Amino acid sequence: MTNPEGPVQRQLDAYNARDLERFVAEYTDDVLVFVPPAREPLLSGKQAFGEHYAKHRFTLPDLHARVISRIVSGNTVVDHEEVVGLPDGDSTGVAVYEVVGEQIRTVWFF
């Protein structure tokens, strides 16, 4: 098994650099993003995923995410994160990443 922490850390580094190409490269073509309790994905597919981040995140000049703590179990990485520079103010939450092979396939944001 590969190290699932690798693609999660690389996407975080690309997120903080607002480097869309490097960011989406860490995700599978069929990536799914969920925000529970919704049962349907908020985003489905790499194109929709990239467009969302291009329009709603990487345009924010003060955007920055910081990992408060991280747990790795099997192919799952759980990050407790703080994100600053958002239009509605700073935020803390939990992101759960399912890594398949060398890429992130599914994300749940709590």
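Residues numbered from 1 in each chain as written. Predicted model: local features only at pLDDT ≥ 70, side-chain atom pairs only at ≥ 80, totals over all residues. Heavy atoms only, no water.

**Some words on the environment of E26**
Okay, step 1: Relative to the helices and strands, E26 is located in the loop between α2 (20–25) and β1 (27–34).
Okay, step 2: Sequence separation between E26 and T76 is 50 residues; the distance between their C-alpha atoms is 14 Å.
Okay, step 3: Those residues in contact with E26 that lie beyond four places of it in its chain are P7, R10, Q11, E102, Q103 and I104. (Helix = DSSP H or I, 4+ residues; strand = E, 2+ residues; numbered from the N terminus. Contact = heavy atoms within 4.5 Å.)

**Focus on the packing of aromatic side chains**
Okay, step 1: This structure, assessed with the given rule, holds 11 aromatic pairs.
Okay, step 2: Their ring planes at 10° and their centres at 5.4 Å tell us that F23 and F49 sit as a pair that is stacked. Pair noted here: F23 is in helix α2 and F49 is in helix α3 (residues 46–56), with a separation of 26 residues, a long-range link. Of the two residues, F23 and F49, both sit in the buried class. (Phe/Tyr/Trp six-rings, centres within 6.5 Å; stacked < 30°, edge-to-face > 60°. Buried < 20%, exposed > 50% of the residue type's maximum accessible area, 1.4 Å probe, protein only.)

**Topic: the layout of surface pockets**
Okay, step 1: Taken as a whole, the largest pocket holds about 480 Å³ of empty space.
Okay, step 2: Lining of the largest pocket is provided by 24 residues; of these, Y53, R57, E81, V83 and F109 occupy positions nearest its centre.
Okay, step 3: Within the residue set of the lining of the largest pocket, elements represented by two or more residues are α1 (5–17), β1, α3, β4 (76–84) and β5 (91–100).
Okay, step 4: With six residues, the top contributor of residues to the lining of the largest pocket is β5.
Okay, step 5: Broken down by class, the residue content of the lining of the largest pocket amounts to 17 nonpolar, five polar and two charged. (1 Å grid on protein atoms, 1.4 Å probe; cavity = no way out; pocket = protein on both sides within 12 Å on 5 of 7 lines; lining within 4 Å. Points joined across faces, edges and corners; volume = space filled by probe spheres on them. Nonpolar A, V, L, I, M, F, W, Y, C, P; charged D, E, K, R; others polar.)

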